[in-house]
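These are the residues of each chain, in order.
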Amino acid sequence: MYEQYYGFSERPFALLPDPAFLYLSQDHGMALTLLRYSLINKQGFTVITGEVGAGKTTLINRLLSEMGDELTVGLINFTHNAFGELSEWVLMAFGLDYKNKSKVEIYDDFVTFLIKEYSEGRRVVLVIDEAQNMEPRVLEEVRMLSNVNAQKDYLLHLILVGQPELRTMLQRPELRQLTQRVSVYYHVGELSLIETSAYINHRIQVVGGSPDLFSDDSVELIWNASKGVPRIINTLCDLALVYGYSATRPTITEETVNEVLADRSTMSLLPADVSQRDAEHDISSVPAAPEKH
């Protein structure tokens, strides 16, 4: 709608986690460095946590986009209550057949797969996003997957990504064996005011816009309303551009952002509510667990 008016090649504040738009704040930069380090040095377990909308999935997508042919990657990103058997999801993540097989057969097939990949010079990486939704017994199954080693190397590298509840869950006594294997852990926090300004300008410049499009006062309003959470920043900036376009305003000022915030408040859609709503998965819109046989 407003792309041509503001000279954009595409929308700069879409909510989809696109690695092309990743802004490396201090926390995001450190998290990405640690993720790279864990892969290069063949660490067994890596855990990344952050608040809802902090940009964790974008970080993972950036990491995946950098991976070469020497890595075989499986991704599990739906861990809702109807998750089902972890072993079936793992095989499905790597494109392996899981149907009509017992747990023993599934485990044997996966070990054979790991050994084959290792023998051909490829490391296997399993990324589990939204891992805070997994029950402790499932997380313990995750640990058991890492028991297959070859000499000094892990045959499977696991990256667990989740909200702060994941860190709390990992502190439970029954998961201490898993926690002891976590070699890399980092928590991604919210953006500061300076980082929020740089984040907004970065995304605008990626699509060919002017870095001065948002005034300093409007950025500060957005930062205060969003509490520095990237997903909420995106929502407010996107709406501010719609309002600015509708009023044919060449720049986004404090006046425009105040209009956005006032209208959302009237509709009982304050930024915090938006964050919570976006964090909740509609069970009917996510894939069902692998079929039972």
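Residues numbered from 1 in each chain as written. Predicted model: local features only at pLDDT ≥ 70, side-chain atom pairs only at ≥ 80, totals over all residues. Heavy atoms only, no water.

**Q** Before we move on, could you go through helix α6 (residues 136–145) and cite the residues and values that matter?
**A** Turning to α6, its buried residues are Val138, Leu139, Val142, Arg143 and Leu145. Buried residues of α6, viewed axially, fall in a sector of 155 degrees; they line one side. (Buried < 20%, exposed > 50% of the residue type's maximum accessible area, 1.4 Å probe, protein only. Helix = DSSP H or I, 4+ residues; strand = E, 2+ residues; numbered from the N terminus. Arc of directions from axis to C-beta.)

**Q** Give me the lowdown on the packing of aromatic side chains, citing residues and values where you can.
**A** By the definition in use, this model includes 10 aromatic pairs. Ring geometry for tyrosine 2 versus tyrosine 6: centroids 6.5 Å apart, planes at 65 degrees, classification edge-to-face. Accessibility classification places tyrosine 2 together with tyrosine 6 in one group, the buried group. Geometrically, the ring pair formed by phenylalanine 94 and phenylalanine 110 is tilted, given 5.9 Å between the ring centres and 40 degrees between the ring planes. Of the two residues, phenylalanine 94 is situated in the loop between α4 (86–93) and α5 (103–119) and phenylalanine 110 in helix α5; the sequence distance between them amounts to 16 residues. Overall, the relative accessible area of 12% leaves phenylalanine 94 in the buried class. (Phe/Tyr/Trp six-rings, centres within 6.5 Å; stacked < 30°, edge-to-face > 60°.)

**Q** Can you break down the packing of helix α9 (residues 193–206) against helix α11 (residues 230–246) residue by residue, with the values?
**A** Two numbers describe a pair of packed helices, the interaxial angle and the distance between the axes. Between α9 and α11, whose axes approach to 11 Å, the crossing angle comes to 55 degrees. One way to sum up the angle between α9 and α11 is to call them oblique. α9 and α11 meet at a crossing whose hand is right-handed. On α11, the residues that touch Thr196, Tyr199, Ile200 and Arg203 of α9 are Pro230, Ile233, Asn234 and Cys237. (Axes fitted to C-alpha atoms, helices over the stretch in contact; angles between N-to-C directions. Parallel < 35°, antiparallel > 145°, perpendicular 65-115°, else oblique. Left-handed = near helix turned anticlockwise from the far one by under 90°. Contact = heavy atoms within 4.5 Å.)

**Q** Account for the side chain of arginine 143, naming residues and giving values.
**A** Among the structural elements, arginine 143 can be located in helix α6. At 2.5 Å, the side chain of arginine 143 forms a polar contact with the side chain of glutamate 140. Setting aside its immediate chain neighbours within four residues, arginine 143 contacts Phe45, Gln177, Leu178 and Arg181. (Polar contact = N/O pair within 3.5 Å; in protein donor to acceptor, adjacent residues only side chain to side chain.)

**Q** Quick rundown of α9? Include the residues and the values.
**A** Along its 14 residues, α9 runs 20 Å from first to last C-alpha, staying within 8% of the 20 Å computed at 1.5 Å per residue. If you check which residues of α9 are buried, you get Glu195, Thr196, Tyr199, Ile200, Asn201, Arg203 and Ile204. Of the surrounding secondary structure, the elements contacted by the buried residues of α9 are α2 (26–40), α10 (216–226) and α11. (Expected span 1.5 Å × (residues − 1).)

**Q** Explain the confidence of the model for the chain to me, using residue names and the numbers behind them.
**A** Taken residue by residue, the chain gives an average pLDDT of 86. The fraction at 70 or more is 88%. Taking the mean pLDDT of every element in the chain, the minimum, 42, falls on helix α13 (residues 271–279) and the maximum, 97, on α9. (pLDDT = per-residue confidence, 0-100.)

**Q** Hey, could you go over the environment of valine 219 for me, with residue numbers and the actual values?
**A** Its location among the elements puts valine 219 in helix α10. We classify valine 219 as buried; its relative accessible area is 4%. In this structure, valine 219 is in contact with Leu193, Thr196, Ser197, Ile200 and Phe214, ignoring residues within four places of it in sequence.

**Q** Provide a residue-level description of the packing of α10 against α11, including the pertinent values.
**A** Packing of α10 against α11 brings their axes to within 9 Å, and their N-to-C directions diverge by 135 degrees. Accordingly, the angle class assigned to the pair α10 and α11 is oblique. Like other packed secondary-structure pairs, α10 and α11 cross with a definite hand, here right-handed. Of α11, the residues touching α10 (which contributes Ile222, Ala225 and Ser226) are Ile232, Ile233, Leu236 and Cys237.

**Q** Give a description of unusual backbone geometry that names residues and reports values.
**A** Phi is positive for glutamate 130, which is not a glycine, with a value near 55 degrees. On the secondary structure map, glutamate 130 appears in the loop between β3 (123–128) and α6. Given a relative accessible area of 14%, glutamate 130 falls into the buried group. Phi at lysine 227 takes a positive value of approximately 60 degrees, unusual for a residue other than glycine. Structurally, lysine 227 can be placed in the loop between α10 and α11. Relative accessible area serves as the criterion here: at 62%, lysine 227 is assigned to the exposed category.

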